[in-house]
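Close look at the chain arrangement
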Amino acid sequence: MEEKAESSKEKKRKRVEESISEGGVDPTISLEENLTFSDTLVALHMMRAQFPKVEKVSIQPFILRSQLYSSIQDRTQVDRELELLMREKVLRIFKLNTGQDDHAIMFMEDYVKQIELVVKRMEAKKQENLAVFEWFKTHVIAARLEPSIEHQELCSLLSSGGKVKDEHISLLINAGLLTRQLIDPNMYWFAIPNIGSVLKGLSQGRKELLSFLNRTKYKEMMLAPLEKKRLKLSPLDMRFHLRDLIGSGRLKTFHTPTGLVVRLVKD
């Protein structure tokens, strides 16, 4: 029995890996089929490939830490593997303003593309001092892997590219690459440009989904039909929100003879 289960897990992993390596995700793979993984990097690639297309916003795919927690049972393993992937410069982790424990994960190549989109927008506006973006890309994000940076260290790293002025720092903030920390204005969070409206949708979508389940008779619903529902207040799809809320502990899943059920967790 154990061997059969193991063999089934292996098949699922191979199917997911083949789907990713072929440059797309098989649309027949439902959330029920790929809710859990044994490997953080495979889970990240799958979620990146399934990131919803957001209308009118130029945003590269990102994954929430909570979504990984929904997919891999051992949270310590997730944190350890994320730390390793961050040190290897495969990805970056960003603190979000949507909740105390909210973190976004973005593959480094996607983050660099996001920076390049910002530069193109600035060039179109005939903005000056654009060299600072190249300094930031070359000297800052390669050296400082943590989610935050102190003002002095930021200036020191940028100075490897050229003479740093206040306008350079202002430009990075206005472009959405840095945000000042409220408790210490000498510290900055690294940020994902253009993410503001998506984060607003994330917060609203969470409330909408929880409210919907709260109105059902038993505060629960089968996962398969729930995944097909559309949210009115979020540009992100139901699968994105379900992974997030399951991982953060606001929802839980359990098996029944007819399939997986999602239930609201009582406060």
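Just above sits the structure.
A few points on the structure. On a predicted model such as this, the values are computed, not experimentally measured, just so you know.

**Quick notes on the sheet that holds strand β3 (residues 103-107)**
Overall, antiparallel pairing links the three strands, which are arranged β1-β3-β2 in an open sheet. Strands at the two margins of the open sheet, each flanked by one partner only, are β1 (63-64) and β2 (91-95). Two strands pair when backbone bridges link them, and β1 and β3 are joined in this way by two bridges, in the antiparallel orientation. Across the sheet, residue Leu64 finds its bridge partner in β3, namely Ala104. Across the sheet, helix α2 (residues 40-49) is in contact with β1, β2 and β3; its angle to β3 comes to roughly 85°.

**Things to note about the sheet that holds strand β6 (residues 187-190)**
Through backbone hydrogen bonds, the strands of a sheet pair up, either in parallel or in antiparallel fashion. Within the open sheet, the three strands sit side by side as β4-β6-β5. Their pairing is antiparallel. The two strands at the open ends of the sheet, each matched to only one other strand, are β4 (148-150) and β5 (178-180). Adjacent strand axes in the sheet meet at a mean angle of 35° when their direction is disregarded. As judged from the three bridges shared by β4 and β6, these two strands associate in the antiparallel manner. Each residue of the ladder has a partner; that of Glu150, found in β6, is Met187.

**Here's the deal with the pattern of salt bridges**
All chains considered together, the criterion is met by 13 salt bridges. Between Asp110 and Arg48 there is a salt bridge; the shortest N-O distance is 2.9 Å. With Asp110 in helix α5 (residues 108-124) and Arg48 in helix α2, the pair connects residues that are 62 residues apart, well separated along the chain. For Asp110, a relative accessible area of 2% corresponds to the buried category. Put simply, Glu83 and Arg87 hold a salt bridge, and the shortest N to O gap is 3.0 Å. Placement of the pair is Glu83 and Arg87 together in helix α4 (residues 75-87), with a separation of four residues, close to one helical turn. Under the relative-accessibility criterion, Arg87 is labelled partly exposed at 41%. Ionic contacts of the salt-bridge type, sharing partners, join the residues Glu83, Arg87, Arg144, Glu146 and Glu153 into one network.

**Section: the layout of surface pockets**
Taken as a whole, the second largest pocket encloses approximately 370 Å³ of empty space. Lining the second largest pocket are 17 residues; nearest its centre among them are Lys95, Leu96, Asn97, Thr179 and Trp189. Those elements that place two or more of their residues in the lining of the second largest pocket are β2, β5, β6 and α9 (196-214). Residues that form the lining of the second largest pocket fall into these classes: ten nonpolar, five polar and two charged.

**A look at unusual backbone geometry**
Unlike most non-glycine residues, Asn129 shows phi in positive territory, near 60°. With respect to the helices, strands and loops of the structure, Asn129 is situated in the loop between α5 and α6 (131-140). One non-glycine residue, Asn194, lies in positive phi territory at about 70°. Mapped onto the fold, Asn194 is located in the loop between β6 and α9.

**Brief notes about the packing of aromatic side chains**
This structure, assessed with the given rule, holds five aromatic pairs. Ring centres of Phe136 and Phe190 lie 6.0 Å apart, and the angle between their planes is 50°; on these two criteria the pair is classed as tilted. Taken together, the residues Phe136 in helix α6 and Phe190 in strand β6 connect sequence positions 54 residues apart. Phe136 sits in the buried class, given a relative accessible area of 0%. Among the aromatic residues, those joined into a ring-pair cluster are Phe51, Phe62 and Phe240. Above the face of the Phe107 ring, Arg48 is positioned so that its terminal group lies 4.7 Å from the ring centre. One residue, Arg92, lies across the ring of Phe190, its end atom 4.6 Å from the ring centre.

**Side note on the packing of α2 against α4**
Each pair of packed helices gets described by two things: the angle between the helix axes and the distance between those axes. At a closest axis distance of 10 Å, the pairing of α2 and α4 adopts a crossing angle of 80°. Judged by the inter-axis angle, α2 sits roughly perpendicular to α4. Only Gln77, Val78, Glu81, Leu82 and Leu85 of α4 make contact with α2, whose side of the interface consists of Thr40, Leu41 and Leu44. Grouping the constituent residues of the contact of α2 with α4 by class yields five nonpolar, two polar and one charged.

**Here's the deal with the pairing of β3**
Within β3, five of the five residues are buried, leaving the element largely enclosed by the surrounding structure. Both faces of β3 are covered, namely the face carrying His103, Ile105 and Phe107 and the face carrying Ala104 and Met106. The pairing of β2 with β3 spans five bridges and is classified as antiparallel. Paired with Arg92 across the bridge in β3 is Met106.

Conventions we followed
Residues numbered from 1 in each chain as written. Predicted model: local features only at pLDDT ≥ 70, side-chain atom pairs only at ≥ 80, totals over all residues. Heavy atoms only, no water. Pairing = 2+ DSSP bridges. Helix = DSSP H or I, 4+ residues; strand = E, 2+ residues; numbered from the N terminus. Contact = heavy atoms within 4.5 Å. Axes fitted to C-alpha atoms, helices over the stretch in contact; angles between N-to-C directions. Salt bridge = Lys/Arg side-chain N within 4 Å of Asp/Glu carboxyl O. Buried < 20%, exposed > 50% of the residue type's maximum accessible area, 1.4 Å probe, protein only. 1 Å grid on protein atoms, 1.4 Å probe; cavity = no way out; pocket = protein on both sides within 12 Å on 5 of 7 lines; lining within 4 Å. Points joined across faces, edges and corners; volume = space filled by probe spheres on them. Nonpolar A, V, L, I, M, F, W, Y, C, P; charged D, E, K, R; others polar. Phe/Tyr/Trp six-rings, centres within 6.5 Å; stacked < 30°, edge-to-face > 60°. Lys NZ or Arg CZ within 6 Å of the ring centre and 35° of its normal. Parallel < 35°, antiparallel > 145°, perpendicular 65-115°, else oblique.

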